[in-house]
Amino acid sequence: MDLFIIVNIKKVIMGLLDKINPQPKQEEVSGFTAEECKFILLKLRSATYTGHEFEMFYNIWVKVTQELTKLEK
């Protein structure tokens, strides 16, 4: 058989199997909780950074701190 036909048959079979046995939907991810933000900041603070990583660290630190401030209002 042609490879194209085999691939299409496989797609059809997999589609039918998904309809018969649907995969559970993953939970929708919401924002971080205050506790999670504090955990991230704690881990960021305890890590070691090289020179070129420090700017990325700072940007992430600012964003997580801002999110924590919003959550604690």
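Residues numbered from 1 in each chain as written. Predicted model: local features only at pLDDT ≥ 70, side-chain atom pairs only at ≥ 80, totals over all residues. Heavy atoms only, no water.

Trainee: Looking at this structure, how should I read the environment of leucine 17?
Mentor: As for its position among the elements, leucine 17 is in helix H1 (residues 3–20). With relative accessibility at 43%, the residue leucine 17 sits in the partly exposed group. On a C-alpha basis, the gap between leucine 17 and leucine 41 in space is 44 Å, while along the polypeptide they are 24 residues apart. (Helix = DSSP H or I, 4+ residues; strand = E, 2+ residues; numbered from the N terminus. Buried < 20%, exposed > 50% of the residue type's maximum accessible area, 1.4 Å probe, protein only.)

Trainee: How should the pattern of salt bridges be read in this particular structure?
Mentor: Close approach of charged atoms lets side chains of opposite charge pair. One pass over the structure, following the stated rule, counts 2 salt bridges. The partner of glutamate 72 in a salt bridge is lysine 38, and the shortest N-O contact between them spans 3.3 Å. Of this pair, glutamate 72 sits in the segment after helix H3 (54–71) while lysine 38 sits in helix H2 (residues 34–46), and the two are 34 residues apart along the sequence. Accessibility expressed as a relative area gives 45% for lysine 38, which makes it partly exposed. (Salt bridge = Lys/Arg side-chain N within 4 Å of Asp/Glu carboxyl O.)

Trainee: Could you clarify how one ought to interpret the environment of phenylalanine 4 in this entry?
Mentor: Mapped onto the elements, phenylalanine 4 comes out in helix H1. Sequence separation of phenylalanine 4 and valine 62 is 58 residues, and the distance between their C-alpha atoms is 51 Å.

Trainee: Would you mind going over the packing of aromatic side chains with me for this structure?
Mentor: Aromatic rings in a pair are described by how distant their centres are and how their planes are angled relative to each other. One pass over the structure, following the stated rule, counts 3 aromatic pairs. Taking 4.5 Å as the distance between ring centres and 35 degrees as the angle between the ring planes, the aromatic pair formed by tyrosine 49 and phenylalanine 57 counts as tilted. Here the aromatic rings of phenylalanine 57 and tryptophan 61 are separated by 5.8 Å at their centres, their planes lie at 40 degrees, and the arrangement is tilted. Linking phenylalanine 57 with tryptophan 61, this pair stays in helix H3, spanning 4 residues, or about one helical turn. Accessibility expressed as a relative area gives 14% for phenylalanine 57, which makes it buried. Exposure remark for tryptophan 61: the relative accessible area of 22% places this residue in the partly exposed category. (Phe/Tyr/Trp six-rings, centres within 6.5 Å; stacked < 30°, edge-to-face > 60°.)

Trainee: Please explain the nonpolar core as it appears in this structure.
Mentor: Buried together is how nonpolar side chains tend to be arranged in soluble globular proteins. Counting 6 residues, the largest nonpolar core consists of Cys37, Leu41, Leu44, Phe57, Val64 and Leu68. Counting only elements with at least two residues in this core, the list comes to H2 and H3. With sequence-adjacent residues up to four places away left out, cysteine 37 is seen in contact with Phe32, Val64, Glu67, Leu68 and Leu71. (Core = buried A, V, L, I, M, F, W, Y, C linked by side-chain atoms within 4.5 Å. Contact = heavy atoms within 4.5 Å.)

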